[in-house]
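# Secondary and tertiary structure notes
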Amino acid sequence: MKTLLPLAETIARRLIARRETIAIAESSTGGLVAAALLAVPGASAYFLGETGATGPTGNRYGDPAGHSCMAVASSVERAITLRTGNADRLANMDAFAKRALELLVEAIPAA
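Just so it is clear, the model here is predicted, and its values are computed rather than measured. (Residues numbered from 1 in each chain as written. Predicted model: local features only at pLDDT ≥ 70, side-chain atom pairs only at ≥ 80, totals over all residues. Heavy atoms only, no water.)

### Concerning the overall build of the protein chain
What counts is decided by this rule: Every helix listed is a DSSP run of H or I at least four residues long, and every strand listed is a run of E at least two residues long, numbered separately from the N terminus. We call a residue buried when its accessible area falls under 20% of the maximum for its residue type, exposed when it is over 50%, and partly exposed in between, using a 1.4 Å probe and counting protein chains only. The contact criterion used is simple: two residues touch if any of their non-hydrogen atoms lie within 4.5 Å. Here Asp and Glu are counted as negative and Lys and Arg as positive; His is not counted, and neither are the chain ends. Positions of charges follow a simple convention, taking NZ of Lys, CZ of Arg, CG of Asp or CD of Glu.
Counting its secondary structure elements, the protein chain contains 3 helices and 3 strands. Walking the protein chain from its N terminus toward its C terminus, one meets helices and strands in the order α-α-β-β-β-α. For the protein chain, the spread of C-alpha atoms along the principal axes amounts to about 45 × 35 × 25 Å. Every one of the 111 residues in the protein chain was classed for burial, and the buried ones make up 26%. For the protein chain, the proportion of contacts with a sequence separation of at least 24, taken over those separated by at least 6, is 47%. Computing the positive centroid from 11 side-chain charges and the negative centroid from 10, the protein chain places the two 6 Å apart.

### Re the sheet that holds strand β1 (residues 52-53)
Strands pair in a sheet through their backbones, by hydrogen bonds, and they do so in one of two ways: parallel or antiparallel. Here is the rule we go by: Strand pairing requires that DSSP identify at least two bridges connecting the strands. Angular values range over 0 to 180 degrees, each being the angle between N-to-C directions of two axes fitted as lines to C-alpha atoms, with helices fitted over their stretch in contact.
With respect to topology, 3 strands assemble into an open sheet ordered β1-β2-β3, the strand pairing being antiparallel. At either end of the open sheet lies a strand with only one pairing partner, and these are β1 and β3 (77-83). Running over the sheet, helix α3 (residues 89-107) touches β1, β2 (67-73) and β3 and is turned about 25° from β2.

### Some thoughts on the pattern of salt bridges
Using the following cut-off: Salt bridge, as applied in this entry: a Lys or Arg side-chain nitrogen positioned within 4 Å of an Asp or Glu carboxyl oxygen.
Under the defined criterion, the tally for this structure stands at 5 salt bridges. Here R18 ties to E20 by a salt bridge, and the two come within 3.1 Å at their closest N and O atoms. Ionic pairing is found between K98 and E102, a salt bridge with its closest N-O pair at 2.6 Å. Residue K98 and its partner E102 are located together in helix α3, separated by 4 residues, close to a single helical turn.

Following this line, the structure appears as C-alpha cells:
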C-alpha cells in the first residue's frame, strides 16, 4: 500500500479539482486499486459506491467517522451497520473489511 498511496493521492487531487468521480471494477488487482483510492481522506468526494465514513471526519450525510453499512443479498439477507467510534482511517478500513468478510461467512452456509 505504501507505493500505491502516493499515486492514489495524486488521482484524488485531480478528480476533486475536476469535480469528477470514479468507479472501480477489479480482478487481478484484488481490490487494491479501490483500497488505495479509499485510503485517501475525502474519498467520498470522488469514489462512487462508498457507504460510510472511514475517517478522519464524517461524511456528507452526517455519519461520524467509523461508520459503515454492509449487506448480503442471497438466499439469506442480512444488513448491518458497524460503528467503530474511531477516526483512524486505515484502522476503520481494516475493521470494515473484516466485518464484511465475517458477514459473508455468516451468510454462506458450509456445504
